[in-house]
Amino acid sequence: MSFFGLEIAKRGLFAQQGALHTTGHNIANANTEGYTRQRVNMEATPAFPYPSLVNHTSAGQIGTGVMVGEIQRLRERYLDNQLWTGHKYLGEWEAKFDILSKIETIMNEPSDHGLQNTMDAFWKSWQDLSVNPEDKAARETVRQKGIELTEMFAHLSRSLKDLQDSVDRKIEVTADTINKYAIELRELNRKISDLVPHGYVPNDLYDQRDLLLDKLSKITDIRVEHMKDANGKENGMIKVDLVGVGPGSPPTNFTLVDGRDDVFGPTDPVLEVKKDAGGWNSIVGKRGGSIALSFSEGELGALFELRGVPRTVEDFSSIVKGLKADAILPVAVSKNQTPSDSVLEEGDQLTIKFSRELMHTDEQLKKIQDEVDAKFGAGVFKVETNDYRTFTLTVQAGKTINPAGKTLSFGTDTLVNVEGDTNASNIDFTFSDPSAPSINSVNVISAASNDKKLVSGDKIVITFDQALEPDPGPKDALTNALNIAFPPNGADNFGIVRKDDKTYELKVKDPAAPTDPPLTVNLGNGVNITLNEGDLKDVDGTSNNAITFVLSDSPAVVTSSVPMKGIVDGTIAAYQDRINSLALEMAHYMNLVHTKTASGTGKAYDLDMIAGKSTEPVPFFVSKKDPTKPPENAADIEVNPAIIASINKIAAATDPNKKSTGTSFKGDGSNAAAIAALKFMKVDFLSTSPNSYGSVAESTSFDDFTRSIIAKLGIETAAAKNFQGNSESVIQQVVNQRESISGVSLDEEMSNMIKFQHAYNASARMITAVDEMLDKIINGTGLVGR
Amino acid sequence: MRITQNMLNNTMMRNLNNSLARLDRLQDMLASGKKVSRPSDDPVVAVNGMRYRTTLNENEQFRRNSNQAMNWLDSSESAVSEAKDVLHRVSDLVTQAANDTLSDGDREKIRAELIQLREHLGNIANTTQGGRYLFGGTDTVTPPYGEIKLDPPRVDPNDTKDLDQDRRIDQDKLPYASSSGYVNKNRENIEMELSQQSYLPVNVDGVPLFGQSNDNLVPADGVPLLSQGFVKVETVSGTRGANELKAGDKLTFTFDKDLDAASQADIQTALQDAFGAGNVNITPAPAPDNNKAFIVEVTAANIDISTEPGLNKGIVTISKDKIKYADGTTADIDMNFAVSNKETPTAPPMDAKSFKDQLVAQDQAWKTDLFGTLDKIINELKPSPYMTDKYGRILAGTKKDANGNQKPLTEVKTMIVDGKEVSYIAYKLYDPKDPNQYPLLKSADQLKPKGKELTGYIDIVKGHMDNFLQAQSSIGSRMNRIELIQNRLDTQHDGVERMMSDEEDADMARVIMDLQNSENVHRAALASGSRIIQPTLLDFLR
């Protein structure tokens, strides 16, 4: 035991030194982002003696000193989770506030240079013209103010488009950032997994990883899972999921980082940015193939919402999938048809229907006719349409055809709708056996699929191809059919709701009391539901052929979605849409009055017409692309080049009534007054994009509409600002709490330093003491009597 | 709770940031004087501000319009008032001339002054305001008083100097005829918008003041009309010669009143004779016109209007002794009917009476035409021996017979009524090139100026004066209305400005107070920061 004291003191020295080093490490990293303070947990080494058979016994155990038990990272996992949950809101609202304030800057209201003032100036110029119609200066002003207005519209539209493009680029950059984080996280996981099995605790790697997660959590909603080894012990690695970005309903998660993730090379990206059909960036996950991801949370979610997601139009191609035109209208449409007959004869019709109106041109009609001729043979069908949405194919004299299984296929970009967009993907119409049932889609939206039953809350959507008469007729028919299919009173389990004149929803009712078990409707391998001939009547009163459809536990028909080029629904897009509406409605009504014909309050007359040089007034606003057409959007609007060329073309007068026929009336400003009065007219504003502010017409004046844009913008921005502030406070709170636990306090470190220093000094003094003791023993003893 | 340096740091930074943001906002308010600079500062205020601003813009525009309207009416008022004064003078002169004691020389002087006054009224009719003619309706660029283009033109006495004495025209004895008159036909209102959707006509319709009120019936050559009867022609369309009537054509001859039975029979016979025996079938018209109208249906394959002897080139004359009305009265003059093969307008229906009324009105049109009236008076003061139309064109007559009597020459002419041609009988204008024509002369008693007749013109001139008075009062009331509107616009302007200020403008006193407060808070934050952040344990360790 002679040198035991030295050993204890040495242990003390080493332990205190270790603690001092850690204190130094803490101080050095006091300002390192994401650093978590570390603490040396010391523990006493096992005491001596250790009990055994051969040991001598003495009173008590003698302590053997100290050792460094672990270097602990002082961090609260709960707070991390809280931060990660809250951080996405901050990211979302920061991004929204940023972009919305930029829109505010673009709109530049309230000011004397905004859209409102430009419009005011435009109307005023017409007022002045109405008072001085023969004044060249007044005409010139109208022309200039018209140009200013179109430039204002173009400026707003272009600026919003630029903003949208910049958000689109930011989506790309943000996706790259996520990739960078994912690569770093993967790398950290790999390093950690190399260390942890050997008993090391890589505190600083953990810090780096948590910092990356902090940043990632602001971009989107993440879920972090600490992975465990075979024994159920945490192995230090993590799995990071992006929540709710995958396909499916409800949306699935996409795994961004999964432990070592050895399937990826050191620099392989997990996400890929692709251009969609409309030229917009979209994000695809590269795990197990390509998975289209849609982000709705965090900064990235906000960016998508702001930029807008390409609108998918349900059933652009959901045409009458099969059919002798309409079972609901057997007599009118298919006069030679019997329900079991698959062959169409002269006069029978097939119908195909597009989800949007096609451009009203002969070319579009010809494309369809050509495709029909190509698939069925020339001269079999004649294609006609009234509305360029529904096209009827009529069998011509002497021809017969069985259309079953034939497909009309329109390749990408072959069809153009009225808004000028072409189809971004193929549109196929496949005809089924004409004698087949005529319900063209039965959707079962079921929470629990594949278990051969429907439970409370499940919905079946039935879509008919004809508008049906009002309830109760169709509802009673469905009730009867359900009672027959599920005897005796199966219909009682369903709530039957008319969604529109073609669509009914059968929803399995909720149990009578919330505590009861949910209602269940067994489907087995499918239940036939039959609506007999004559059960249904359409709006015209024609009754149906027998219809049978099958209810099974899997969705019967999946209607396809086709992205429309160039149309997106989103915050910026909504403002663009409103500016477009405003510009187009204004152009429309301006032109209406400016080219007014004799009906109503008299024909509009410009100076050339009064002078007998021309007979018709020209439109005031036209399309930049083609001045013979009305403008297509706010950026496309311009003052008619004919008016730019000659102010005589501004129609300030209306034709005089009979008593003055044949006289000049250059001093008549009544049409200019009528145009100026448009300022006060209530106009039906129709959105060009249904999802952005409802497809219902808003009847209001141009001024009011402009103000409503600004009001909406103001309210949205103010809300974003508030939410940003709120989420900032929440995050601040959590960060402070975390800082309170994990942050380095210099005072504390200083006092620790003194503490450890003193202990170190004391240990050193202990060595001196033992040294003196040994000196005494060695040099000071055995000299008695010398 | 454990507090670390970083926490203090963060808190201080956040507080400093917040107070700086507040200062920034307040300074913005102070500099701009507005409560809001972006819609998100306060959406409601921002939108209200926009509404007030556009209301102010409207207001300003309406005030501008009303000033313009006021200018118009001011100028119109002075023109009308001046014209009224001129007419006063005219009326005085006519009264003076009506005195039969006046010598021809005196009347000559009055005539000369009246000619000057007439030209002056023409200038008044051409009053402009900012280059725009006030009395031209919406035709503000063409002078409403201008040259009258006549077709055919007046006979030039020089063209007649080689002619036989009876056909020659004496330059000195020609009637006075100005080549200018109120030619404007535009009666449209010029309306200005003085407040939202409220339009006020600012011009004065020149036609009732200066003339040509029934102008859509003025024939191209302005010849007085003779016809009293009315023929409604219903022809079946088809190719035919210009003067050809074909089998199946129907003509309705309508008298102004019911005829007695004997007279009806006489007239039927006369008509039969005119069209030639056997050419037509004549029946009474259906009730209620059965006693005053006759339907002549052509049965011959064709009748040439110009050559059929009884038709007298299209004029059927029923002598007055054959016309006896059911009420016992008789006709004063022979009735002339113009026969043509042009379909008569049916919509709007024009019956015989209204057609006749319009023809009569046409004959009297000079009364409602200011310049026509003056011309008439001027000519009355020194009568011309020639019969003329109102534009001074000489009418044609036959050669004087042995008794010195002359008959006027007539012809069938057409004019457009409601888009259809209507035939009527008119005096022929004298054409020196036609050797069968002679200038139509007035009878001796028509030639002498009579004070009594001149007196009749005084009332007509007074009538014109009344027109101007009426216009003046209408202008006055409109000016009053504009003044009221202007007052209202002013009040509205002040009100809106006040509301806008209430809504948008920052309360300076308050902003400055707030700024002071915020500044204090900011200072305090800085001071406390400097105290808390500085000392650490380090400072106290040796």
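Residues numbered from 1 in each chain as written. Chains lettered and ligands numbered in written order. Predicted model: local features only at pLDDT ≥ 70, side-chain atom pairs only at ≥ 80, totals over all residues. Heavy atoms only, no water.

**Topic: the overall build of chain B**
In step 1: Tallying secondary structure elements over chain B gives ten helices and 18 strands in all.
In step 2: Residues counted as buried form 46% of the 542 residues belonging to chain B.
In step 3: Across chain B, every contact between residues at least 6 apart in sequence was considered, and the portion connecting residues at least 24 apart equals 74%.
In step 4: When the accessible area of chain B is evaluated, it comes to approximately 26700 Å², of which 49% is carbon and sulfur surface. (Helix = DSSP H or I, 4+ residues; strand = E, 2+ residues; numbered from the N terminus. Buried < 20%, exposed > 50% of the residue type's maximum accessible area, 1.4 Å probe, protein only. Contact = heavy atoms within 4.5 Å. Areas by Shrake-Rupley, 256 points an atom, 1.4 Å probe, with all protein chains shown as cover.)

**Points about the overall build of chain A**
In step 1: Assigned secondary structure in chain A consists of 16 helices and 29 strands.
In step 2: Residue burial in chain A is summarised as follows: out of 786 residues, 49% are buried.
In step 3: In chain A, the share of contacts with a sequence separation of at least 24, taken over all contacts with a separation of at least 6, comes to 67%.
In step 4: For chain A, the exposed area adds up to about 35300 Å²; of that, 53% sits on carbon and sulfur atoms.

**Points about the pattern of salt bridges**
Residues and elements named next belong to chain A.
In step 1: Summed over the entire model, instances satisfying the criterion amount to 55 salt bridges over all chains.
In step 2: A salt bridge links Glu 305 to Lys 96, with the shortest nitrogen-to-oxygen separation between them at 3.1 Å. Taken as a pair, Glu 305 in helix H6 (residues 298–307) and Lys 96 in helix H2 (residues 77–107) lie far apart in primary sequence, 209 residues in all.
In step 3: Residue classification places Glu 305 among the partly exposed residues on the basis of a relative accessible area of 38%.
In step 4: Overlapping salt bridges bring together Arg 73, Arg 75, Asp 80, Asp 207, Asp 210, Asp 214 and Arg 738 as one network. (Salt bridge = Lys/Arg side-chain N within 4 Å of Asp/Glu carboxyl O.)

**Observations concerning the sheet that holds strand E5 (residues 254–258) of chain A**
Strands in a sheet are paired, the pairing made by backbone hydrogen bonds, and the direction either parallel or antiparallel.
Residues and elements named next belong to chain A.
In step 1: The sheet built from three strands is open, its strands ordered E3-E4-E5 with antiparallel pairing. If you trace the sheet from one side to the other, it starts and ends with strand E3 (222–228) and E5, each paired once. Mean inter-strand twist for the sheet, computed between neighbouring axes without regard to direction, equals 25°.
In step 2: Most of the contacts of helix H5 (residues 203–219) go to strand E4 (residues 234–242), to which it runs at about 15°, and overall it touches E3, E4 and E5. (Pairing = 2+ DSSP bridges. Axes fitted to C-alpha atoms, helices over the stretch in contact; angles between N-to-C directions.)

**Re the interface of chain B and chain A**
In step 1: In this complex, chain B contributes 53 residues to the contact, which on the side of chain A involves 62 residues.
In step 2: Where chain B abuts chain A, roughly 4800 Å² becomes buried across the two surfaces, and 51% of that area is made up of carbon and sulfur atoms.
In step 3: Asp 112 of chain A is the salt-bridge partner of Arg 53 of chain B, the closest N and O atoms lying 3.8 Å from each other.
In step 4: When grouped by side-chain class, the residues that make up the side of chain B that touches chain A number 17 nonpolar, 19 polar and 17 charged. (Buried area = accessible area lost by both parts, 1.4 Å probe. Nonpolar A, V, L, I, M, F, W, Y, C, P; charged D, E, K, R; others polar.)

**A look at the side chain of Thr 174 of chain A**
In step 1: Considering the arrangement of structural elements, one finds Thr 174 of chain A in helix H4 (residues 136–195).
In step 2: With sequence-adjacent residues up to four places away left out, Thr 174 of chain A is seen in contact with Ile 219, Glu 299, Leu 300 and Leu 303 of chain A.

**A look at the packing of aromatic side chains**
In step 1: As enumerated under the stated definition, the model contains 17 aromatic pairs over all chains in all.
In step 2: Relative to Phe 381 of chain A, the ring of Phe 376 of chain A has its centre 4.9 Å away and its plane inclined at 75°; by these criteria the two rings are edge-to-face.
In step 3: In this structure Phe 381 of chain A comes out as buried when scored by relative accessible area, which is 2%.
In step 4: Ring centres 6.1 Å apart and planes at 90° place the aromatic pair Phe 253 of chain B and Phe 275 of chain B in the edge-to-face group. With Phe 253 of chain B in strand E9 (residues 250–254) and Phe 275 of chain B in helix H5 (residues 261–275), this residue pair connects regions lying 22 residues apart in the sequence.
In step 5: You can call Phe 275 of chain B buried: its relative accessible area is 0%.
In step 6: An aromatic cluster of three or more residues is present, and its members are Phe 122, Trp 123, Trp 126, Phe 620, Phe 621 and Phe 702 of chain A.
In step 7: Above the face of the Trp 93 of chain A ring, Lys 96 of chain A is positioned so that its terminal group lies 4.4 Å from the ring centre.
In step 8: Here the guanidinium or amino end of Lys 712 of chain A rests over the ring plane of Tyr 575 of chain A, the centre of that ring lying 5.5 Å away. (Phe/Tyr/Trp six-rings, centres within 6.5 Å; stacked < 30°, edge-to-face > 60°. Lys NZ or Arg CZ within 6 Å of the ring centre and 35° of its normal.)

**So, the sheet that holds strand E7 (residues 281–285) of chain A**
Residue and element names in this part refer to chain A.
In step 1: Pairing is antiparallel across the open sheet formed by three strands, whose spatial order is E6-E7-E8. The open sheet has two free edges, formed respectively by strand E6 (271–275) and strand E8 (291–293), since each of these has just one partner strand. In this sheet, neighbouring strand axes are inclined to one another by 40° on average, regardless of whether the strands run parallel or antiparallel.

**Digging into the environment of Gly 24 of chain A**
In step 1: By the element assignment, Gly 24 of chain A lies in helix H1 (residues 4–28).
In step 2: The partly exposed category is assigned to Gly 24 of chain A, whose relative accessible area is 34%.

**Points about H5 of chain B**
Given 3.6 residues per helical turn, the α-helix brings residues three or four places apart onto the same face.
Residue and element names in this part refer to chain B.
In step 1: For H5, with 15 residues, the first-to-last C-alpha span of 21 Å sits near the 21 Å given by 1.5 Å per residue.
In step 2: Residues Ser 263, Gln 264, Ile 267, Ala 270, Leu 271, Ala 274 and Phe 275 constitute the buried set of H5. Down the axis, H5 shows its buried residues gathered within 125° of arc, on one side only. Along H5, exposed side chains directed more than 90 degrees from the buried face belong to Ala 261 and Asp 273.
In step 3: In this structure, the buried side of H5 is in contact with strand E8 (244–246), E9, strand E10 (280–284), strand E11 (293–298), strand E12 (302–304) and strand E13 (315–318).
In step 4: Gly 276 lies just past H5 and shows a positive phi near 95°. (Expected span 1.5 Å × (residues − 1). Arc of directions from axis to C-beta.)

**Re unusual backbone geometry**
In step 1: In this structure, Pro 110 of chain A follows Glu 109 of chain A across a cis peptide bond, with omega equal to -10°.
In step 2: Across the junction of Ala 287 of chain B and Pro 288 of chain B, the peptide omega takes the value 5°, indicating a cis bond.
In step 3: A positive phi angle is found at Asn 108 of chain A, which is not glycine, with a value near 55°.
In step 4: Mapped onto the elements of the fold, Asn 108 of chain A is located in the loop between H2 and helix H3 (115–131).
In step 5: Looking at Asn 108 of chain A, the relative accessible area reads 34%, which means it is partly exposed.
In step 6: Of note, the phi angle at Asp 261 of chain A is positive, near 50°, even though the residue is not glycine.

**Some details on the packing of H3 of chain A against helix H2 (residues 43–97) of chain B**
In step 1: Between H3 of chain A and H2 of chain B, the shortest axis-to-axis distance is 10 Å and the interhelical angle comes to 15°. Regarding the angle of H3 of chain A to H2 of chain B, the classification is roughly parallel. The crossing of H3 of chain A and H2 of chain B is right-handed. Facing H3 of chain A, whose interface residues are Gln 116, Asn 117, Asp 120, Lys 124, Gln 127, Asp 128 and Val 131 of chain A, H2 of chain B presents Met 50, Arg 53, Thr 54, Asn 57, Glu 60, Gln 61, Phe 62, Arg 64, Asn 65 and Gln 68 of chain B.
In step 2: For the contact of H3 of chain A with H2 of chain B, the per-class residue count stands at three nonpolar, eight polar and six charged. (Parallel < 35°, antiparallel > 145°, perpendicular 65-115°, else oblique. Left-handed = near helix turned anticlockwise from the far one by under 90°.)

**Here we look at the confidence of the model for chain A**
For any part of a model where pLDDT is low, the fine detail of the predicted coordinates should not be relied upon.
Residues and elements named next belong to chain A.
In step 1: Mean pLDDT over chain A stands at 79; residues scoring 70 or higher make up 78%.
In step 2: The element-level mean pLDDT for chain A is lowest in helix H7 (residues 330–333), coming to 26, with H5 highest at 94.
In step 3: For residues 554–567, every residue scores under 50 in pLDDT, and the model assigns this stretch 44 contacts once sequence neighbours within four places are set aside. (pLDDT = per-residue confidence, 0-100.)

**A few points about the packing of H4 of chain A against helix H10 (residues 571–594) of chain A**
Residues and elements named next belong to chain A.
In step 1: Orientation of H4 relative to H10, taken along the N-to-C sense of each, is 160°, at an axis distance of 10 Å. As the angle between them shows, H4 and H10 are arranged roughly antiparallel. Crossing of H4 over H10 shows left-handed handedness. Across the interface between the two elements, Leu 149, Phe 153, Leu 156, Ser 157, Leu 160, Lys 161, Leu 163, Gln 164 and Val 167 of H4 pack against Ile 572, Ala 573, Tyr 575, Gln 576, Ile 579, Leu 582, Ala 583 and Met 586 of H10.
In step 2: Partitioned by chemical class, the residues of the contact of H4 with H10 number 13 nonpolar, three polar and one charged.

**Details of the side chain of Ser 111 of chain A**
In step 1: With respect to the helices, strands and loops of the structure, Ser 111 of chain A is situated in the loop between H2 and H3.
In step 2: A polar side-chain atom of Ser 111 of chain A sits 2.7 Å from the main-chain carbonyl oxygen of Asn 108 of chain A.
In step 3: A distance of 3.0 Å separates the side chain of Ser 111 of chain A from the backbone nitrogen of His 113 of chain A, its partner in a polar contact.
In step 4: Discounting residues that sit within four places of it in the chain, Ser 111 of chain A has contacts with Asn 117 of chain A together with Arg 53 of chain B. (Polar contact = N/O pair within 3.5 Å; in protein donor to acceptor, adjacent residues only side chain to side chain.)

**Some points on the pairing of strand E6 (residues 198–201) of chain B**
In step 1: Here E6 of chain B shows a buried face lined by Ser 198 and Leu 200 of chain B and an unburied face lined by Tyr 199 and Pro 201 of chain B.
In step 2: Two successive antiparallel strands, strand E5 (residues 191–195) of chain B and E6 of chain B, enclose a turn made up of two residues, where Gln 197 of chain B displays a positive phi of approximately 60°.

**Re the nonpolar core**
In step 1: Formed by 95 residues in total, the largest nonpolar core has its most connected members in Ile 103, Trp 126, Phe 153, Phe 620 and Phe 702 of chain A.
In step 2: Per-element tally for this core: the top contributor is H4 of chain A, with 17 residues.
In step 3: Among all residues touching Phe 153 of chain A, those that are not within four sequence positions of it are Leu 115, Ile 579, Leu 582, Ala 583, Met 586, Ala 634 and Ile 637 of chain A.
In step 4: The next biggest cluster of nonpolar side chains, apart from the first, holds 59 residues, and it includes Met 70, Phe 371, Ile 475 and Ile 485 of chain B. (Core = buried A, V, L, I, M, F, W, Y, C linked by side-chain atoms within 4.5 Å.)

**Some points on the environment of Ile 267 of chain B**
All names here are of chain B.
In step 1: Within the secondary structure layout, Ile 267 lies in helix H5.
In step 2: On the basis of relative accessible area, Ile 267 is assigned to the buried category, the value being 0%.
In step 3: With 51 residues separating them in the primary sequence, Ile 267 and Ile 318 have C-alpha atoms 7.2 Å apart.
In step 4: With sequence-adjacent residues up to four places away left out, Ile 267 is seen in contact with Phe 255, Leu 259, Phe 294, Ile 318 and Lys 322.

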